Amino acid sequence: LKRAAKKLMDYDIDDDDTGEDHYEAIQAFVDTYNNAMESSGSSKDYSLQRYAKQLKNLAKEYAEELKDIGVTIKSDGTLEKNDNLLKKADVADIKKLFGEDATFATKSFNYAKRMNAKAADLIYTELTQKGQTINLTL
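Bear in mind the structure is a predicted one, so any value in this text is a computation, not a measurement. (Residues numbered from 1 in each chain as written. Predicted model: local features only at pLDDT ≥ 70, side-chain atom pairs only at ≥ 80, totals over all residues. Heavy atoms only, no water.)

(A) Spotlight on the overall build of the protein. Along the protein, the regular secondary structure elements total seven helices and two strands. Walking the protein from its N terminus toward its C terminus, one meets helices and strands in the order α-α-α-α-β-β-α-α-α. The proportion of buried residues among the 138 residues of the protein is 37%. A sequence separation of at least 24 residues applies to 65% of the contacts in the protein between residues at least 6 apart. (Helix = DSSP H or I, 4+ residues; strand = E, 2+ residues; numbered from the N terminus. Buried < 20%, exposed > 50% of the residue type's maximum accessible area, 1.4 Å probe, protein only. Contact = heavy atoms within 4.5 Å.)

Here it is in structure tokens:
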């Protein structure tokens, strides 16, 4: 999710572009957002659950803007995209959500960054408590 949000924030959104130009990047964001929500929601770790709740609340806060580009929020907090609407989305609406200084993209990135760090800590702790080592040799 962190990479998908960053990719959209770094994407050079030109006024001549169309929603179709951004379709794959937004699709990747929606897919990774949903994966993060599902995996953190099933976690027993309070921090991951809290970050998932913050993401869910953020999406709710921007529900109208997301709807404008063809993305809706399902009852479980995951996102659902309408391919036809997403491909026809207005570039100005995309910029509002995912532009370089867009609050939604920035906050999504920051929550995802915290989730990544916490998940990495949990994995490391789990492995080291079991006496296992992590070999990072490539």
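(B) Structural context of the environment of Arg3. As for its placement among the helices and strands, Arg3 is situated in helix α1 (residues 2–10). Residue class for Arg3 comes out exposed when judged on its relative accessible area of 73%. Expressed as a C-alpha distance, the spacing of Arg3 and Phe29, which sit 26 residues apart in the sequence, is 8.5 Å.

(C) Geometry of the pattern of salt bridges. Throughout the structure, instances matching the rule amount to three salt bridges. Two residues, Asp93 and Lys96, come together in a salt bridge whose shortest N-O distance is 3.5 Å. Taken together, the positions of Asp93 and Lys96, both in helix α6 (residues 91–98) and three residues apart, correspond to about one turn of that helix. (Salt bridge = Lys/Arg side-chain N within 4 Å of Asp/Glu carboxyl O.)

(D) Representation of the layout of surface pockets. Of the volumes computed, that of the largest pocket is approximately 270 Å³. Looking at the largest pocket, it is lined by 13 residues, and the ones nearest its centre are Asn35, Ala36, Ser39, Met115 and Asn116. Elements with a minimum of two residues in the lining of the largest pocket: α2 (19–41) and α7 (103–129). The greatest single-element share of the lining of the largest pocket, amounting to five residues, is contributed by α2. (1 Å grid on protein atoms, 1.4 Å probe; cavity = no way out; pocket = protein on both sides within 12 Å on 5 of 7 lines; lining within 4 Å. Points joined across faces, edges and corners; volume = space filled by probe spheres on them.)

(E) Here's a closer look at the packing of aromatic side chains. Here the structure, examined in full by the defined rule, presents five aromatic pairs. For the pair Phe29 and Phe98, a centre-to-centre distance of 5.2 Å together with 70 degrees between the ring planes defines the contact as edge-to-face. Highlighted residues: Phe29 in helix α2 and Phe98 in helix α6, separated in sequence by 69 residues. A single burial state applies to Phe29 and to Phe98, both of which are buried. Considering the side-chain rings of Tyr62 and Phe104, the 5.4 Å spacing of their centres and the 55 degrees angle between planes classify their relative orientation as tilted. With Tyr62 in the loop between α3 (46–61) and α4 (63–68) and Phe104 in helix α7, this residue pair connects regions lying 42 residues apart in the sequence. On the accessibility criterion, Tyr62 (15% relative accessible area) is buried. Judged by relative accessible area, Phe104 falls into the buried class, the value being 1%. (Phe/Tyr/Trp six-rings, centres within 6.5 Å; stacked < 30°, edge-to-face > 60°.)

(F) Representation of the side chain of Ser108 in the model. Tracing the chain through its elements places Ser108 in helix α7. Assessed through its relative accessible area of 0%, Ser108 is described here as buried.

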